[in-house]
Amino acid sequence: MASKTERIMSLRALRQLRRVRAFYAVGAALWVVSSAWTGWQSPGGRQMWISVLLSAIFTGLLLAASLWLQRLRAVTADLPGPAHHAASASQRTTGPRHAHA
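Attention in this report is confined to the structure presented alongside it. In this numbering scheme, every chain counts its residues from 1 along its sequence in written order. Residues qualify for local features only when their pLDDT is at least 70, as the model is predicted, and side-chain atom pairs are given and counted only at 80 or more; totals for whole chains, interfaces and linings, by contrast, use all residues. Water and hydrogen atoms play no part in the side-chain values, which are based on all heavy atoms of the structure.

Let us now look at the side chain of Thr38. Residue position: Thr38 is located in helix 1 (residues 4-41). Think of a polar contact as two N or O atoms within 3.5 Å of one another; within protein, one of them needs to be a possible hydrogen donor and the other a possible acceptor, and neighboring residues in sequence only count if both atoms come from side chains. Looking at Thr38, its side chain comes within polar contact range of the main-chain oxygen of Ser35, at 3.3 Å. In what follows, a contact means two residues having at least one pair of non-hydrogen atoms within 4.5 Å. Not counting the four nearest positions on each side in its chain, Thr38 is found in contact with Pro43, Gln47, Met48 and Ser51. Secondary structure counts use DSSP, requiring at least four H or I residues in a row for a helix and at least two E residues in a row for a strand, with both numbered from the N terminus.

What follows covers the packing of aromatic side chains. Two descriptors summarise a pair of aromatic rings, namely the distance from one centre to the other and the angle between the planes of the rings. Centre distance within 6.5 Å is the pairing criterion for rings of Phe, Tyr and Trp, where only the six-membered ring of Trp is used; planes under 30 degrees apart are then read as stacked, over 60 as edge-to-face, and the remainder as tilted. As enumerated under the stated definition, the model contains three aromatic pairs in all. Note on Phe23 and Tyr24: the rings are 5.9 Å apart at their centroids and 55° apart in plane angle, and the pair reads as tilted. Each ring, one from Tyr24 and one from Phe58, has its centre 6.1 Å from the other, and the planes form 75°; the classification is edge-to-face. Remark: Phe58 occurs in helix 2 (residues 46-78) and Tyr24 occurs in helix 1; sequence separation between them is 34 residues. One exposure class covers both Tyr24 and Phe58, and it is buried. Working definition: with a 1.4 Å probe on protein chains only, accessible area under 20% of the residue-type maximum means buried, over 50% means exposed, and in between means partly exposed.

Right, let's talk about the side chain of Ser55 for a bit. Position of Ser55 among the secondary structure elements: in helix 2. Given a relative accessible area of 10%, Ser55 falls into the buried group. Sequence-distant contacts of Ser55, defined by excluding residues within four places in its chain, comprise Trp31, Val32 and Ser35.

Once that is clear, we can look at helix 2. One less than the number of residues in a helix, times 1.5 Å, gives the span that helix is expected to have. With 33 residues, helix 2 should cover 48 Å at 1.5 Å per step; its first-to-last C-alpha distance of 49 Å lies within 8% of that length. For helix 2, the full list of buried residues reads Met48, Ser51, Ser55, Phe58, Ala65, Leu69, Leu72 and Thr76.

Right, let's talk about a positive patch on the surface for a bit. Where like charges cluster on the molecular surface, the positive patch consists of Arg12, Arg15, Arg18, Arg19 and Arg73. In terms of residue count, the dominant contributor to the positive patch is helix 1 (four residues). Its place among the elements puts Arg12 in helix 1. Grouping into patches uses exposed residues only, defined as over 30% relative accessible area, and leaves out salt-bridged ones; the cut-off is 9 Å for like charges and 5 Å for nonpolar side chains (Val, Leu, Ile, Met, Phe, Trp, Tyr). Per-residue and other accessible areas follow the Shrake-Rupley method at a 1.4 Å probe size, with only the shown protein chains counted as cover for residues. One speaks of a salt bridge when a side-chain nitrogen belonging to Lys or Arg is within 4 Å of a carboxyl oxygen belonging to Asp or Glu. Positive charges come from Lys and Arg alone, negative charges from Asp and Glu alone, with His and the N- and C-terminal ends not counted. Each charge is placed at NZ for Lys, CZ for Arg, CG for Asp and CD for Glu.

Tracing the backbone through its elements, the reader meets Gly60 in helix 2. Residues Gly60 and Ala28 lie 32 residues apart in sequence; the distance between their C-alpha atoms is 9.0 Å.

To continue, consider a nonpolar patch on the surface. A cluster of nonpolar residues, Leu53, Ile57 and Leu61, forms a patch on the protein surface that exposes about 250 Å² of accessible area. Mapped onto the elements, Leu61 comes out in helix 2.

Written out as structure tokens, the structure is:
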């Protein structure tokens, strides 16, 4: 049986990996655009090759984060749900609301 902290840590890792994946996707897209632009301006130049290298690095990081996210999703799907959680808004019973003057 998995502990509550294990599930919480897995959910935090999922959230963080999603953020990191988004960051890497934006970085890869920007470096690909930069590579195309510098390739157009000065083909074969040092700046173009640096842009190509950085776009390859960000693309690799994006792929690694996506794979980790996919594997972590599979692991968290196997974990049991939380034993106790707060009731959703539709399940709560609330009395009438009064306006305070």
